[in-house]
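Secondary and tertiary structure notes
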Amino acid sequence: MKDIIVIGGGGHGKVLISILKKIENYNIVGYVDFENRGNILGVSYYGTDEKLLSLKDKPLLALGIGQIKNIAIRKKIVDKFFNNAFSFETIISPNAIINEEVELGEGTVVMDGVVINSGTNIGKYSIVNTNSSVDHDCKIGDFVHIAPGCTLSGEVKLEQNVLVGTGAKIIQGIRIVENVIIAGGSCVMEHIVEKGTFIGVPARKLSKKMFKKKR
């Protein structure tokens, strides 16, 4: 069995621990967080990042940090461990369907109920969350989070640092540039070529005007 330590003890980390327990070839040594959150599904607190970084023998890591206010923080945490010779395992739930000719980058996590269809390529440290569907020939960048219940049609391209909110839909062939947030429940029907937050059906860029009260 492979020893593995989970980075993050929040809700996403808890779900990841549950998935790792279903995969027989992992021994979960513990989880790392900035605070002791107690026992999580039978897995104990290992310590802080600093304790893990001090180890000479480098165990495998599982990235259990979900969406946070600033995606740059998540990347900073990954870089800290990567630059100290740690490796992140790619985790695929046994309850996910991964079809032929799918490529998944280092540190990417695929949760329960996900379907990823043939020809899709997903980069490093991304999340495909519970019950989401990614259809054929999609190209997904690094540090992308596809939240629960999302639907990506075929040949969608997401550049790095994109968040697709819960239940959002992206139609066939759409391209979205980096550093974009798609609000939950939205439907993207046109290419998005500038960073920002997009909301609605069809999705439009969120602006200050949307918050101004009518007089």
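Residues numbered from 1 in each chain as written. Predicted model: local features only at pLDDT ≥ 70, side-chain atom pairs only at ≥ 80, totals over all residues. Heavy atoms only, no water.

**Details of the overall build of the protein chain**
To keep it simple, the criterion reads: Think of it this way: any DSSP run of H or I at least four residues long counts as a helix, any run of E at least two long counts as a strand, and we number them from the N terminus. Computation of the radius of gyration draws on C-alpha atoms alone. For the globule rule, the value is 2.2 Å times the number of residues to the power 0.38. Buried, partly exposed and exposed residues are distinguished by accessible area as a fraction of the type maximum, computed with a 1.4 Å probe on protein chains only: under 20%, between the cut-offs, and over 50%, respectively. Should any heavy atoms of two residues lie within 4.5 Å, those residues are counted as being in contact. Each accessible area is a Shrake-Rupley result for a 1.4 Å probe, and residues are judged covered by the shown protein chains and nothing else. The charge count includes Lys and Arg as positive and Asp and Glu as negative, but it does not include His or the ends of the chains. In plain terms, the charge of a residue is placed at NZ if it is Lys, CZ if Arg, CG if Asp and CD if Glu.
Across its full length, the protein chain carries three helices and 23 strands. The C-alpha atoms of the protein chain give 18 Å as radius of gyration, which agrees with the globular expectation for 215 residues (17 Å, within 12%). Across its three principal directions, the C-alpha atoms of the protein chain cover 55 × 45 × 30 Å. Burial statistics for the protein chain: of 215 residues in total, 45% are counted as buried. Contacts spanning at least 24 positions in sequence make up 27% of the contacts within the protein chain whose residues lie at least 6 apart. On the protein chain, roughly 10900 Å² of surface is accessible, and the fraction owed to carbon and sulfur atoms is 51%. Each charge sign in the protein chain was given a centre, from 27 positive and 22 negative side chains, and these centres are 13 Å apart.

**Quick word on the sheet that holds strand β14 (residues 145-146)**
Applicable threshold: Here the rule is simple: two strands pair whenever DSSP picks up at least two bridges between them.
Strand order in this open sheet of eight strands is β5-β8-β11-β14-β17-β20-β22-β23, and the pairing throughout is mixed. With one partner strand each, in any of the chains shown, β5 (91-92) and β23 (204-205) form the two edges of the open sheet. Taken together, the two bridges between β14 and strand β17 (residues 163-164) define a ladder with parallel strand orientation. Across the sheet, I146 pairs through a bridge with V164, a residue of β17.

**As for the packing of aromatic side chains**
Selection rule: Only the six-membered ring of Trp is used, alongside the rings of Phe and Tyr, when aromatic pairs are assigned; centres must lie within 6.5 Å, and planes under 30 degrees apart are stacked while those over 60 apart are edge-to-face, with the rest tilted. Working rule: Lys NZ or Arg CZ, within 6 Å of ring centre, within 35 degrees of ring normal, means a charge sits over the ring.
Counted under the stated rule, the structure contains five aromatic pairs. Ring geometry for F81 and F88: centres 6.5 Å apart, planes at 80°, overall edge-to-face. Like F88, F81 is buried. Centre to centre, the rings of F88 and Y125 are 5.6 Å apart; their planes meet at 85°, and the pair counts as edge-to-face. Here Y125 lies in the loop between β10 (121-122) and β11 (127-128) and F88 lies in the loop between α3 (71-82) and β5, a separation of 37 residues in the sequence. Under the relative-accessibility criterion, F88 is labelled buried at 4%. Of the aromatic side chains, those joined through ring pairs into one cluster are F81, F86, F88, Y125 and F143. In this structure, K51 is placed above the aromatic ring of Y46, and the distance from its NZ or CZ to the ring centre is 4.6 Å.

**Some thoughts on the nonpolar core**
Threshold: Here, nonpolar core refers to any group of buried Ala, Val, Leu, Ile, Met, Phe, Trp, Tyr and Cys residues whose side-chain atoms link them within 4.5 Å.
Counting residues in each nonpolar core, the largest one holds 30 residues, and the members touching the most others are L152, L158, I170 and I176. In this structure L152 touches S133, V134, D135, I140, I146, L158 and I170, once residues within four positions along its chain are discounted. In terms of nonpolar packing, the next biggest core, distinct from the first, is built from 17 residues, I5, I7, L52 and V78 among them.

**With respect to the sheet that holds strand β19 (residues 175-176)**
Pairing is parallel in the open sheet, where five strands are placed in the order β7-β10-β13-β16-β19. Lying at the two open borders of the sheet, with one neighbouring strand each, are β7 (103-104) and β19. In this sheet, β10 lies alongside β7 in parallel orientation, the contact comprising two bridges. Counterpart to E103 in the pairing with β10 is N121.

**Focus: the side chain of N129**
This is how it is decided: For the purposes of these results, a polar contact is taken to be a pair of N or O atoms within 3.5 Å, where, inside protein, one atom must be able to donate a hydrogen and its partner to accept one; residues adjacent in sequence count only when each atom of the pair is a side-chain atom.
With respect to the helices and strands, N129 occurs in the loop between β11 and β12 (133-134). Within the local environment of N129, its side chain forms a polar contact with the side chain of H145, the two groups lying 3.1 Å apart. Look past the residues within four positions of N129 in its chain and what remains in contact with it is H12, M111, V114, H145, I146, A147 and P148.

**Examining the pattern of salt bridges**
Two side chains bearing opposite charge may form a pair once their charged atoms approach each other closely. Put simply, the rule reads: A carboxyl oxygen of Asp or Glu within 4 Å of a side-chain nitrogen of Lys or Arg is what we treat as a salt bridge.
Taken as a whole and assessed by the stated rule, the structure comprises nine salt bridges. The salt bridge partner of K22 is D112, with a shortest N-O separation of 3.1 Å. Here D112 lies in the loop between β8 (109-110) and β9 (115-116) and K22 lies in helix α1 (residues 11-22), a separation of 90 residues in the sequence. Among the residues examined, D112 registers a relative accessible area of 23% and is labelled partly exposed. The closest approach of N and O atoms between K205 and E194, which form a salt bridge, is 3.3 Å. Highlighted residues: K205 in strand β23 and E194 in the loop between β21 (187-188) and β22 (196-199), separated in sequence by 11 residues. Among the residues examined, E194 registers a relative accessible area of 43% and is labelled partly exposed. One continuous salt-bridge network, built from bridges that share partners, spans D33, E35 and R37.

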